[in-house]
Amino acid sequence: METDLLGIVATFILTILLAWPLGKYISAIYTGAPHWSDKIFGGIERLFYKIGGINPKLEMTWQESLKALLSINLIWFLFAMFILMNQGWLPWNPDHNPSMSPDLAFNTAVSFLVNCNLQHYSGETGMSYLGQITCLMFLQFVTAATGMAACAVVFKAMREQTSQKLGNFYTYFIQSNTRILLPLALVVAGLLLFEGVPMNIEGKANIHTLEGNAVQVARGPAAAMVAIKQLGTNGGGFFGANSSHPLENPTYWSNAIESISIILIPIAMVFALGFYLNRKKLALVIFGVMTVGFLALIAPALYFEWQGNPAIDHLGVTQTLGNMEGKETRFGTTLSTYWAIITTVTSNGSVNAMHDSLMPLTGMSALLGMMINALYGGVGVGFLNFYVFIIIAVFIAGLMVGRTPELFGKKIEAREMKIATLIALLHPFLILLGTGIATYVAHQKPDIGWLNNPGFHGFSEMLYEYTSSAANNGSGFEGLGDNTPFWNISTGIVLILSRYIPIIGPVAIAGILAKKKHIPSGAGTLQLDTLTFGILMFAVILILVALAFFPALTLGPLAEHFSLK
Amino acid sequence: MLLSQHSIDNMKTTSNALFTQKMVKEALSAAFSKLSPKQMYHNPVMFTVEIGTVVMFLVSIYSISQPDQGSFVYNAIVFFVLFLTLLFANFAEAIAEARGKAQAESLRKTREETPAKLLKNDQIQSVSSSSLTKGDLFICEAGDIIPSDGEIIEGLATIDESAITGESAPVIREAGGDKSSVTGGTKVLSDKIKVRVTTQPGESFLDKMIALVEGASRQKSPNEIALTILLAGFTLIFIIVCVSLKPFADYANTPITIAAYISLFVCLIPTTIGGLLSAIGIAGMDRALRANVITKSGKAVETAGDIDVLLLDKTGTITIGNRKATHFYPAPNQKTEDFVEAVVLSSLVDETPEGKSVIELASQIGYTIPKLPMEAKAIPFTAETRASGVDLGNISIRKGAMDSIKNWVEKAGNSFPEEVVERTKSIASNGGTPLVVAQNQQVLGIIELQDIIKTGIQERFERLRKMGVKTVMVTGDNPLTAKYIAQKAGVDDFIAEAKPEDKMNYIKAEQASGKLVAMMGDGTNDAPALAQADVGVAMNSGTAAAKEASNMVDLDNDPTKLIEIVEIGKQLLMTRGTLTTFSIANDVAKYFAIVPALFVASIPALQSLNIMRLHSPESAILSAVIFNAIIIPILIPLALRGVKYRPIGASALLQRNLIVYGLGGVIVPFIGIKLLDMLVSVWF
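Worth saying up front: this structure is predicted, and the values here are computed from it rather than measured.

Conventions we followed
Residues numbered from 1 in each chain as written. Chains lettered and ligands numbered in written order. Predicted model: local features only at pLDDT ≥ 70, side-chain atom pairs only at ≥ 80, totals over all residues. Heavy atoms only, no water. Pairing = 2+ DSSP bridges. Helix = DSSP H or I, 4+ residues; strand = E, 2+ residues; numbered from the N terminus. Buried < 20%, exposed > 50% of the residue type's maximum accessible area, 1.4 Å probe, protein only. Axes fitted to C-alpha atoms, helices over the stretch in contact; angles between N-to-C directions. Contact = heavy atoms within 4.5 Å. Phe/Tyr/Trp six-rings, centres within 6.5 Å; stacked < 30°, edge-to-face > 60°. Buried area = accessible area lost by both parts, 1.4 Å probe. Salt bridge = Lys/Arg side-chain N within 4 Å of Asp/Glu carboxyl O.

Enquirer: Describe the pairing of strand S1 (residues 115-120) of chain B, with residues and values.
Expert: All names here are of chain B. When S1 meets strand S2 (residues 123-128), the two strands line up antiparallel, connected through 6 bridges. When the bridges of S2 are listed, proline 115 appears paired with serine 128. Adjacent in sequence and paired antiparallel, S1 and S2 are bridged by 2 residues, among which asparagine 121 carries a positive phi angle near 50°. In terms of strand pairing, S1 meets strand S3 (residues 137-141) through 3 bridges, oriented antiparallel. Its bridge partner being in S3, leucine 118 is matched across the sheet by phenylalanine 138.

Here it is, written out as structure tokens:
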């Protein structure tokens, strides 16, 4: 366990070391000043601009940016629906997998469109290679780039003194793809190839085992998809079993590479903010707040996984390896717990172990990561969520020092508070409402067949499902029988609302603030890059989340934990 | 004098004690009348509490006959505590209003019915002061109480303004100039003045202020609205939490009583700040009034807290009163007697304090002051010519700033002596003001005027600097003098040789760079700049135009008052912020009291969450709601007095307030609820 602990500490430190220069690079790209990468990527980008009829120099307002964002999303949705419903007869389908039914196609298209990747199908039997690559993998790139581009708009708005024009959304979007996601995905996919992740277009392999059985082994262009599913905080795996599948995540090293990929860009986006605004100290304070939150989640999780399950102790079985239920033996408790937390604090959702089998309080850490949804968070959108917390913290802090609250010289007034409050409300609203309806139904019709584990754990499963949907995470407590119209539709609604509203809100706030008159900072201005403000931000996040979810967590993981004997 | 003595005493009692018995009585009855849903509706947090209270009332009645919602006594107590919570919140608002009203009343008392000598068609009629309307003229003689606010249009008088300012030294008010304003209720001590009424009855600043405090015309300031939105957001979150808890509890087979739901909800929503919010706003205006500043809106007080730049007139603010003549320097080849004679002649028509000080200095050095010849024609000072003087037949004498006199002299083709230039420079660089005197375009000499900087003013500017406020001295002096005084007094910047439009331009330039500017002024000249400034404070002695253009009026005519106003503004925001933090931090302990209490009966394992070891579910819930109710009256004094502002820098201030109100807000209710539980557990 000590070696494994050293392993995850080293992985985490390595991630930070990689994220710093990456952040600098991302900042340089969004700044739009001439850059060495122009020579490499400029040509292909000009081609895209030409095809799309985009004038990359034309700056857009925040409303125009959002219109652009929403309209391209709608087109992708229609495109994805077409491919998923027709992949059976379209080419590149060596295993002759069928087209999807309309409702499954809808669910899949939406969940990939919102960067969530809730998968109600199994890749091996449910998708053609054409569908995997041109539809799902395509969406994994563009939805990640959508979040990053929205974040770039907010960065730009924070930097401007007084301006309506916040850069060209399409430029941010295309460059996020060409200059950040594609090159990184190539590197990660290459590394995974060396570890044994397959990358071919052949159908299932027929293998005769030593026992003489014939086994069909699914393969395909997996390495490419695994790379972007991690880098873009998508989480949707090539195979049904996601990163616990031996061909998606074969070794300790592939696990380390994927672990790094999961939080690399989310952390780099925070550093990018520091470089972009030339406020590195502020970025470090924000990173510090996120990291303290992250450590506060992972520490108890590791503790409880190492302790193992007291019920098994009572059976007289020793648990020197910790709680191994639902874990891959090649990863063990430590690596799986680390993964469980990084995949939930970012809105990734890929898994290398069964989250349903986590100890109750480890499950609570995973839940809390998604309830906060801003400790690093999804690519781009993680910072957007954090931005709302900053607004609320700045408002309270401003009052406490006797000055009308201001963020970087822009007064925060009723309109911005209205939007920020609404966004902060939306997340608990969707989670609690969804879980409330589900528990109501489960209580009224106990034989409905959703819950394999009634009681507190069943409650946690339902809570987890909506939390995962609202956080656009996509992981699940898989014990829940969730492939029913009720769950497909209700989580689908939650997915759409909780993707677009938390993008629209922060972009709108930033846009409104950017338009306001800039007040130069003086001796009375509250500096945000201080430990004190960091503590306040942390307290705001903690209190908002704790207050909204404490009763729910009490009835789920806490009740289960205290009942474990 | 008796009347004014009485009101001073009255003011003292109201400013020292937080509230008197009479105020409490008034506030108590108002606390009940404010229960009307029409009024409660404006405060979303407390309105939801009112709904909860009504529901609990019905539940109490229901529980008389049905036992499934808990005992009648328990439900009735919960109802009673919630009702108290409402009353406490209303009481907070009412007592703030009562205090403000009492303060305003004590000012208004001085202007109760007094006889007025109305001047109509050159006839004096005695009428009641309340019948005076705007534009009427009246006469006041020694011993009269001035019946209404007005402007002196003829004459000069010494006036006792102690009734409104508390300052016993009489002041001089005279027609013309910037000290022509008189206030109703003050008393003429000597001489006779003719006054034009400037306000309609019931529309004076004081009347407006009283209306503001009473809530009749009180509008929520932008910051208050933003905070209300945040608090409404918190309320909504807890509505969602409590509503969703119902199916959760059903699923867990845990029956929860309505009393428990409502208690949980009321405890979680920010009732503390919700209940005190309007009291804090009113108290802010009240504190301004206590500082003898009448504000026209709550917003102005708030804005004052954000001020970045403060424009202060040199005279009276930084330096004591007026400059005094200290030396006469005759020009080369000019006889001292001729020079002094010309100086005296030109100053006899000059009513300004500087002019008078010249005469004083002349008589001190043994010069006999002559009578002013009949044919003398005064040439008044204007900001444009920056010179004044007298014409006596074909003799014309001018005195003024060097460049203006030099202009005058050189236009006639005469030379301007180099020695005079040198002398003016040396006077100016020592903080003095040189006045050059010329007769018929010939330079006669220089008068040196000196300023005396007020003691203690440096410290006040230092305090402002620590608050982040930049101070700018405005003066008509030449740049050298201005610089000397600016350095000596410790202001950050100065505007020398200021013409009225210079102030205006300076304000506009600062505002264009996003700064908020405050200024104080009294003259009609100042009116545009006062209107342009984000916070304009007019002196009560100032002209009606200046008072109209500003958003505050200082009854004490104390130019350093702006410093206090800035602090009052900051206090207002800080009190809101700290109590919001405190209120929300309280929720942690309340959760740990109520949530285990809700579930422990059906899920005994959750006893581990009962970290306060509260006696029983009923005692836990009651302790939490009682704590939630009594914290409001406990915090009323803080809400009224305001959180103390310390100029220690924003980060240090945040740190301090986070520890006191954030950390304190987490810890205090744990202790409070535990103590209450020990008491309540005797019965439940």
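Enquirer: I'd love a proper account of unusual backbone geometry, names of residues and values included.
Expert: Even without glycine at this site, Asn115(A) takes up a positive phi of about 65°. Take Asn115(A): it is sitting in the loop between helix H4 (102-113) and helix H5 (123-126). One non-glycine residue with positive phi stands out, namely Asn440(B), at about 45°. Checked against the element boundaries, Asn440(B) lands in the loop between strand S14 (432-439) and strand S15 (442-450). The partly exposed category is assigned to Asn440(B), whose relative accessible area is 32%.

Enquirer: Which residues make up the sheet that holds strand S13 (residues 395-400) of chain B, and what are the values?
Expert: Two strands in a sheet stick together by hydrogen bonds in their backbones, pointing the same way (parallel) or opposite ways (antiparallel). All names here are of chain B. Judged by pairing direction, the sheet is antiparallel, and its 6 strands sit side by side in the order S10-S15-S14-S13-S12-S11 without closing on themselves. The open sheet is flanked by strand S10 (324-330) and strand S11 (377-379), the only strands paired with a single partner. Pairs of neighbouring strands in the sheet enclose a mean axial angle of 20°, with direction left out of account. Sheet topology note: the strand S12 (residues 387-392)/S13 ladder contains 6 bridges and is antiparallel. Pairing of glycine 389 across the sheet is with arginine 398, part of S13. Strands in contact with helix H14 (residues 402-411) are S12, S13, S14 and S15; relative to S13, the strand with the most contacts, it is inclined by about 150°.

Enquirer: Describe the packing of aromatic side chains, naming the residues involved and giving the relevant values.
Expert: Residue and element names in this part refer to chain A. In this structure the tally under the stated criterion is 36 aromatic pairs over all chains. Judged by centre distance (5.0 Å) and plane angle (85°), the ring pair of phenylalanine 238 and phenylalanine 239 falls under edge-to-face. Comparing phenylalanine 238 with phenylalanine 239, the two get one shared label, buried. Look at tyrosine 466 and tryptophan 487: their rings are 5.1 Å apart centre to centre, the planes differ by 35°, and that puts the pair in the tilted class. Linking tyrosine 466 in helix H16 (residues 456-470) with tryptophan 487 in helix H17 (residues 485-515), this pair joins segments that are 21 residues apart in sequence. For the pair formed by tyrosine 466 and tryptophan 487, the shared burial category is buried.

Enquirer: Give a description of the side chain of Ser65(A) that names residues and reports values.
Expert: With respect to the helices and strands, the residue Ser65(A) is situated in helix H3 (residues 62-86). Those residues in contact with Ser65(A) that sit more than four places away from it in its chain are Met60(A), Val153(A) and Phe169(A).

Enquirer: Go over the interface of chain B and chain A, please, and point to the residues and values.
Expert: Contact with chain B, which involves 61 residues of that partner, is made by 61 residues of chain A. Summing the contributions of chain B and of chain A, the shared interface buries around 5,000 Å²; its carbon and sulfur component is 77%. It is Phe248(B), Tyr251(B) and Leu654(B) that lose the most area in chain B upon contact with chain A, and together they represent 16% of the buried surface on that side. Along the contact surface separating chain B from chain A lie 1 salt bridge.

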